[in-house]
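These are the residues of each chain, in order.
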Amino acid sequence: MSTPFPSVAALPLAVAPAVPAPASAPAAAAIAAPAAAAPRPARQPLLARPRVQRILYPLLVGLVLIALWQGLVTGLELPSYLVPSPLRMLETLVTDWAALGASLWVTVKITVLAFLVATVAGVLISFLFVQSKRIEMALFPYAVLLQVTPIVAVAPLIIIWVKDPTTSMVICAALVALFPIISNTTLGLRSVEPDLQSYFQLNRATRLQTLLRLRIPSALPYFFGGLRISSGLALIGAVVAEFVAGTGGSGAGLAYQILQAGFQLDIPRMFAALLLISLTGVGMFVAMAWLSRVALGSWHSSEN
Amino acid sequence: MNTAVFPPPAAAPASTPAASTPVVQVLSAEKTYPNGTQALLPVDLCIEEGEFVTLLGPSGCGKSTLLKMVAGLLAPTDGRLHLWRKPVAQLGESGKKMAFVFQSPTLMPWASVQTNVRLPLDLAGVSRAQADARVSEALALVGLAKFASALPRALSGGMQMRVSIARGLVTQPDLLLMDEPFGALDEITRHKLDADLLDLWRKKKLTVIFVTHSIHEAVFLSSRVVMMAVRPGRVVEEFRIEAPYPRSADFMVSPEFSRYAKLLQDSLLRASADTTEIHA
């Protein structure tokens with residue numbers, strides 16, 4: 001992020017003399033150019049700033065892809081029940097917003113609730129695991145079992161057992177999102193620099209002091225890594241649970257909209273629902289990245 | 001090799017003259033790892049108040065092991081270690097304090113310099129106001145008063161090591177254990193910190209055990225050098241460096257310094273040579 005740009009600009013300076021120069025004038029110009037740019041490193045041109053580039057580059061790719069898509073659909077005159085154009089999709093998003101917006105809210109609610117449940121449960125389980133190696137040995141295989149059993153296979157059972165559809169879907173999604181938080185936080189709580197651990201031991205720190213002042217801060221980078229993975233998984237879990245539950249009416253999520261649109265061959269609407277799911281996922285990820293930056297930005301190398 | 005050489009703890013304090021109070025007594029302490037590797041053959045060592053003792057030797061001679069046993073971080077397989085005539089584990093009862101400085105700064109990267117230095121006081125439950133006053137004092141002592149609110153990553157390696165030393169001094173220890181504290185620093189920074197350490201040692205009347213593999217550092221700093229050898233790790237020789245304190249940079253270019261350096265170098269070669277014989 002904060003890499004001073006002139007150091008990159010200065011590179012040709014070092015390379016230039018090694019190049020056999022048949023035309024000395026351009027070479028001299030190449031040397032002179034970065035040297036002239038060097039005195040004012042503070043104000044870079046807008047497009048040269050890494051922060052701008054980070055947004056600009058993917059945006060450009062996106063625009064090109066969308067333009068291509070629009071061009072192909074209109075150029076080949078593809079019917080919208082096969083591939084709708086991006087414009088058609090946005091149109092549907094606006095016209096069907098009443099239903100789609102309500103569904104978006106349902107899906108977001110289930111995702112966020114599941115994510116919160118998974119985070120709290122995952123952290124508590126991690127604390128349990130690091131209390132003793134025996135507890136971890138005894139319980140860790142079951143955490144793995146939970147992870148490897150496909151949620152699609154378990155979801156019908158949970159939906160039968162739990163009466164309230166929202167609760168059952170939250171449970172399904174939380175199960176999917178749980179494992180990365182458990183494994184990452186456990187790893188983090190154990191990844192304490194050995195000498196620092198010795199230092200605490202030398203100063204006769206209590207278990208609680210060591211946990212609060214050493215283990216938890218050491219675990220934070222791992223924990224946030226787990227959050228990023230789990231935020232996406234919570235959404236996947238929510239959509240899968242909605243598919244399996246097939247709840248319609250007021251409790252219909254985006255997955256139900258996709259199912260319905262599929263039955264009715266309303267492909268533009270399907271695409272619109274898909275777009276909303278993707279945007280939800282991106283939103284979750286961005287929120288987690290932001291949270292991680294706020295918490296670790298000042299000290300952890302992953303955020304610099 | 002017999003513990004009877006030292007008077008039993010009960011009889012000791014009254015009869016011992018103040019000038020030669022044993023701070024550290026290593027009584028036939030040895031370390032063998034479960035796989036049978038002998039890290040350290042039985043060591044007997046007595047360190048008195050106000051001494052600056054350097055443990056010098058090639059890599060793997062057990063000098064860090066010995067230091068960690070004195071600190072109570074490692075338990076000896078056999079033998080005992082006493083601090084102020086009490087087993088290491090009962091250090092708290094003697095009212096004396098020990099501080100340990102590691103080879104790396106071992107600072108908490110998420111906490112400011114001030115919070116890092118305050119850590120031992122926080123752990124001991126010292127009140128915030130009192131602790132902050134002592135932290136400022138310790139930071140001033142190592143010349144980092146201006147950097148109290150900086151994060152460790154913003155400091156150079158040498159400055160981080162100073163923070164680590166300030167954290168060691170903030171508890172006002174009587175015994176300072178240092179495990180190759182300046183090993184990773186460049187030559188100039190190292191000389192500067194060596195000189196500063198000597199000042200602190202004299203000013204605070206500390207007892208220091210300092211681990212190094214640098215002959216020059218050992219001669220410059222120590223009042224006594226304990227030479228150790230490898231495979232198996234053991235103490236082989238001891239040297240007293242009689243040069244008077246304060247020692248300035250001039251001491252480092254004096255004939256006396258060279259003589260001591262030569263003495264230690266020959267001894268270090270002998271200590272290392274044993275290895276090659278065993279391996280040949």
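For every chain, the first residue of its written sequence is number 1, and the numbers climb from 1 along that sequence. Here chains are named by letter from A upward and ligands by number from 1 upward, in the order in which they appear as written. Under the rules for a predicted model, residues below a pLDDT of 70 receive no local features and side-chain atom pairs below 80 are neither given nor counted, while totals for whole chains, interfaces and linings still include all residues.

**Regarding the overall build of chain A**
Secondary structure counts use DSSP, requiring at least four H or I residues in a row for a helix and at least two E residues in a row for a strand, with both numbered from the N terminus. A count of helical and extended segments in chain A gives 13 helices and zero strands. The helix and strand sequence of chain A, counted from the amino end, reads α-α-α-α-α-α-α-α-α-α-α-α-α. Working definition of a contact: two residues with C-beta atoms, positioned from the backbone, lying within 7 Å. Counting contacts in chain A only where the partners sit at least 6 residues apart, residues at least 24 apart contribute 75% of the total.

**Here's the deal with the packing of helix α8 (residues 151-161) of chain A against helix α9 (residues 165-190) of chain A**
Residues and elements named next belong to chain A. Between α8 and α9, the least distance of the axes is 9 Å, while the angle of their chain directions is 150°. With respect to α9, the element α8 is oriented roughly antiparallel. Every pair of crossing elements has a handedness; the one defined by α8 and α9 is right-handed. Between α8, through I151, A155, I158 and I159, and α9, the contact on the second element is made entirely by S168, I171, C172, L175 and V176. Three classes are used, and their members are as follows: Ala, Val, Leu, Ile, Met, Phe, Trp, Tyr, Cys and Pro are nonpolar, Asp, Glu, Lys and Arg are charged, and the others, Gly among them, are polar. Counted by class, the contact of α8 with α9 contains eight nonpolar, one polar and no charged residues. Angles shown run from 0 to 180 degrees and are taken between the N-to-C directions of axes, each axis being a line fitted to C-alpha atoms and, for helices, limited to the stretch in contact. Angle categories are assigned with fixed cut-offs, so that under 35 degrees is roughly parallel, over 145 is roughly antiparallel, 65 to 115 is roughly perpendicular, and the rest are oblique. Crossings are classed by handedness, with left-handed meaning an anticlockwise turn of the near helix from the far one by less than a right angle and right-handed meaning a clockwise turn.

**Observations concerning the sheet that holds strand β4 (residues 78-83) of chain B**
Residues and elements named next belong to chain B. Should DSSP find at least two bridges between two strands, the strands are taken to pair. Strand order in the open sheet made by the four strands is β2-β1-β4-β5, with antiparallel pairing throughout. The open sheet has two edge strands, β2 (38-48) and β5 (86-87), and neither has a second partner. Summarising the sheet, β4 and β5 pair through two bridges and their orientation is antiparallel. Note on β5: the bridge partner recorded for H82 is P87.

**Quick word on the confidence of the model for chain A**
For residues with low pLDDT, the predicted coordinates do not support detailed interpretation. The predictor reports its confidence for every residue as pLDDT, a score running from 0 up to 100. Looking at chain A as a whole, its pLDDT mean stands at 82, while 84% of the residues score no less than 70. Scored below 50 in pLDDT, residues 1-39 of chain A makes 19 contacts in the model with residues more than four places away or belonging to other chains.

**What about the pairing of strand β9 (residues 224-229) of chain B?**
Residues and elements named next belong to chain B. Whether a residue is buried, exposed or partly exposed is read from the other C-beta atoms within 10 Å of its own C-beta, which are placed from the backbone; 20 or more gives buried, 12 or fewer gives exposed, and intermediate counts give partly exposed. By the criterion of burial, β9 is predominantly enclosed, with five of the six residues buried. Of the strand pairs in this sheet, β9 and strand β10 (residues 234-240) are connected by six bridges, and their pairing is antiparallel. In the sheet register, A229 faces β10, and the bridge partner there is R234. Taking the residues that link successive antiparallel strands as the turn, the β9-β10 hairpin has four residues, and the phi of R231 there is positive, at about 40°.

**Re the pairing of β2(B)**
With seven bridges joining them, strand β1 (residues 22-32) of chain B and β2(B) adopt antiparallel strand pairing. In the strand pairing of β2(B), B:V26 is matched with B:L45.

**Some remarks on the interface of chain B and chain A**
The partner chain A presents 13 residues to the 13 residues of chain B that form the contact. The residue makeup of the side of chain B that touches chain A, split by class, is 10 nonpolar, two polar and one charged.

**What to know about unusual backbone geometry**
With omega at -5°, the peptide bond leading from B:Y245 into B:P246 counts as cis. Topologically, B:P246 is positioned in the loop between β10 and α9 (255-279). For A:E77, which is not a glycine, the phi torsion comes out positive at approximately 55°. Residue position: A:E77 is located in the loop between α4 (50-75) and α5 (86-95). The exposure class assigned to A:E77 is exposed, which follows from the 6 C-beta atoms found within 10 Å. With a phi close to 55°, A:L265 is a non-glycine residue in the positive phi region. Tracing the sequence through the fold places A:L265 in the loop between α12 (254-263) and α13 (267-296).

**Description of the sheet that holds β10(B)**
All names here are of chain B. In spatial order, the strands read β6-β7-β8-β3-β9-β10; together these six strands make up an open sheet with mixed pairing. The open sheet has two edge strands with one neighbour each: β6 (98-101) and β10. Neighbour-to-neighbour, the strand axes of this sheet turn through a mean angle of 15°, independent of strand direction. Sheet topology note: the strand β3 (residues 52-56)/strand β8 (residues 207-212) ladder contains five bridges and is parallel.

**Re the nonpolar core**
Joining buried Ala, Val, Leu, Ile, Met, Phe, Trp, Tyr and Cys residues through C-beta atoms within 7 Å gives a set, and that set is a nonpolar core. The biggest cluster of nonpolar side chains holds 75 residues, and the ones touching the most others in it are B:A166, B:L177 and B:I209. Contacts of B:L177, omitting those with residues within four sequence positions, involve B:L67, B:V70, B:A71, B:M98, B:F100 and B:I209. Among the nonpolar cores identified, the runner-up in size contains 55 residues, and A:F129, A:M169, A:F223 and A:L254 belong to it.

**Description of helix α7 (residues 187-204) of chain B**
All names here are of chain B. The span expected for a helix works out to 1.5 Å for each residue beyond the first. Its 18 residues place the ends of α7 25 Å apart at the C-alpha level, agreeing with the 26 Å of an ideal helix rising 1.5 Å per residue. Every buried residue belonging to α7 is among R190, D194, L197 and W201, and all of these are buried. For α7, the buried positions fall inside an angular range of 65° around the axis, keeping them on one side. With respect to the buried face of α7, the exposed residues turned more than 90 degrees away are I188, D199 and K203. Against the buried residues of α7 lie β3, β8 and α8 (215-221). Positive phi appears at K205, one or two residues downstream of α7, with a value of about 50°. What the arc describes is the spread of directions from the helix axis to the C-beta atoms.

**Comments concerning the packing of helix α6 (residues 97-131) of chain A against helix α7 (residues 133-148) of chain A**
Residues and elements named next belong to chain A. For the pair α6 and α7, the least separation of the axes is 5 Å and the interaxial angle reads 130°. One finds that α6 runs oblique with respect to α7. Touching L128, F129 and Q131 of α6 are I135, E136 and L139, all from α7. Its residues assigned to classes, the contact of α6 with α7 shows four nonpolar, one polar and one charged.

**Examining the domain arrangement of chain B**
Residues and elements named next belong to chain B. Each assigned domain of chain B is listed with its residue range as follows: domain 1 (24-96 + 174-280) and domain 2 (108-173). Between the C-alpha centres of domain 1 and domain 2 the distance comes to 26 Å. Ranked by the residues each element gives to the side of domain 1 that touches domain 2, the list is headed by α7, at three residues. Boundary definitions for the domains trace back to an automatic or database domain assignment.

**Observations concerning the environment of A:V144**
Positionally, A:V144 belongs in helix α7. C-alpha separation for the pair A:V144 and A:H300, spaced 156 residues apart in sequence, amounts to 29 Å.

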